[in-house]
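Okay, here's what each chain looks like letter by letter:
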Amino acid sequence: ILVALLAGCGQLPQSGSGDVERAFNTRASDVQVTGEGTVLRTLSDDRSGTPHQRFILKLASGQTVLMSHNVALAPRIDDLKTGDTVSFSGEYVWNEQGGLIHRTHRDPRSHLV
């Protein structure tokens with residue numbers, strides 16, 4: 001199953017771009033990244049503040065990254081399970097565990113279609 005989380009205009013991001021790996025290696029934060037990974041583990045939703053669906057992806061490089069998908073602004077990924085492939089586009093935030101990616105939804109302030 002291929003699940004896509006897209007902040008853009010409905011196109012799948014190019015996988016294997018290395019965006020996340022570069023951001024992690026340079027300790028960058030607040031940078032737009034795209035990529036693809038395999039669901040390593042699903043986590044309980046983060047319900048503090050705005051609810052977010054959370055899961056850990058394993059990238060082709062072996063790096064893991066926490067996905068934090070805002071379900072107040074975008075549909076929940078139903079039936080997400082370990083082993084699913086997820087393509088994504090979002091904002092990367094560095095941390096020692098591999099980082100997290102959020103803002104996987106369209107910008108609600110944007111006037112673009």
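Structure's up top.
Residues numbered from 1 in each chain as written. Predicted model: local features only at pLDDT ≥ 70, side-chain atom pairs only at ≥ 80, totals over all residues. Heavy atoms only, no water.

Enquirer: Even after reading the chapter, I still don't get the packing of aromatic side chains, so can you show me in this structure?
Expert: For any two aromatic rings, the description comes down to two numbers: the centre-to-centre distance and the angle of the planes. Evaluated as defined, the whole model comprises one aromatic pair. Between Phe24 and Trp94 the ring centres are 6.2 Å apart and the planes differ by 25°, which places this aromatic pair in the stacked class. Placement of Phe24 in helix 1 (residues 19-25) and of Trp94 in the loop between strand 5 (85-93) and strand 6 (100-102) is noted, with a sequence separation of 70 residues between them. (Phe/Tyr/Trp six-rings, centres within 6.5 Å; stacked < 30°, edge-to-face > 60°. Helix = DSSP H or I, 4+ residues; strand = E, 2+ residues; numbered from the N terminus.)

Enquirer: Even after reading the chapter, I still don't get the pattern of salt bridges, so can you show me in this structure?
Expert: Side chains that carry opposite charge are capable of pairing whenever their charged atoms lie near each other. According to the stated counting rule, one finds five salt bridges in the structure shown. The partner of Asp45 in a salt bridge is Arg47, and the shortest N-O contact between them spans 3.4 Å. Taking the relative accessible area as the measure of exposure, Asp45 reaches 18% and is therefore buried. A salt bridge links Arg76 to Asp45; its shortest N-O distance comes to 2.2 Å. Taken as a pair, Arg76 in the loop between strand 4 (64-70) and strand 5 and Asp45 in the loop between strand 2 (31-42) and strand 3 (52-59) lie far apart in primary sequence, 31 residues in all. Exposure remark for Arg76: the relative accessible area of 34% places this residue in the partly exposed category. When salt bridges that share partners are traced, they join Asp45, Arg47 and Arg76 into one network. (Salt bridge = Lys/Arg side-chain N within 4 Å of Asp/Glu carboxyl O. Buried < 20%, exposed > 50% of the residue type's maximum accessible area, 1.4 Å probe, protein only.)

Enquirer: Is there a simple way to explain the nonpolar core in this structure?
Expert: For soluble globular proteins, nonpolar side chains are generally found buried alongside one another. By size, the foremost hydrophobic cluster in this structure holds 16 residues, and its most contacted members are Phe55, Leu57, Phe88 and Ile101. Contributing elements (two or more residues each) for this core: helix 1, strand 2, strand 3, strand 4 and strand 5. (Core = buried A, V, L, I, M, F, W, Y, C linked by side-chain atoms within 4.5 Å.)

Enquirer: Sorry, what's going on with unusual backbone geometry here?
Expert: Among all residues except glycine, the phi angle is most often negative; among peptide bonds, the trans geometry is most common. Within the chain, Asp79 stands out as a residue other than glycine whose phi angle is a positive 60°. You can see Asp79 is positioned in the loop between strand 4 and strand 5. One non-glycine residue, Arg103, lies in the positive phi region at around 55°. By the secondary structure assignment, Arg103 is in the segment after strand 6.

Enquirer: What's the story with the side chain of Thr104 in this structure? I'm lost.
Expert: Mapped onto the elements of the fold, Thr104 is located in the segment after strand 6. A relative accessible area of 2% means that Thr104 is categorised as buried. At 2.6 Å, the side chain of Thr104 and the side chain of His69 are in polar contact. (Polar contact = N/O pair within 3.5 Å; in protein donor to acceptor, adjacent residues only side chain to side chain.)

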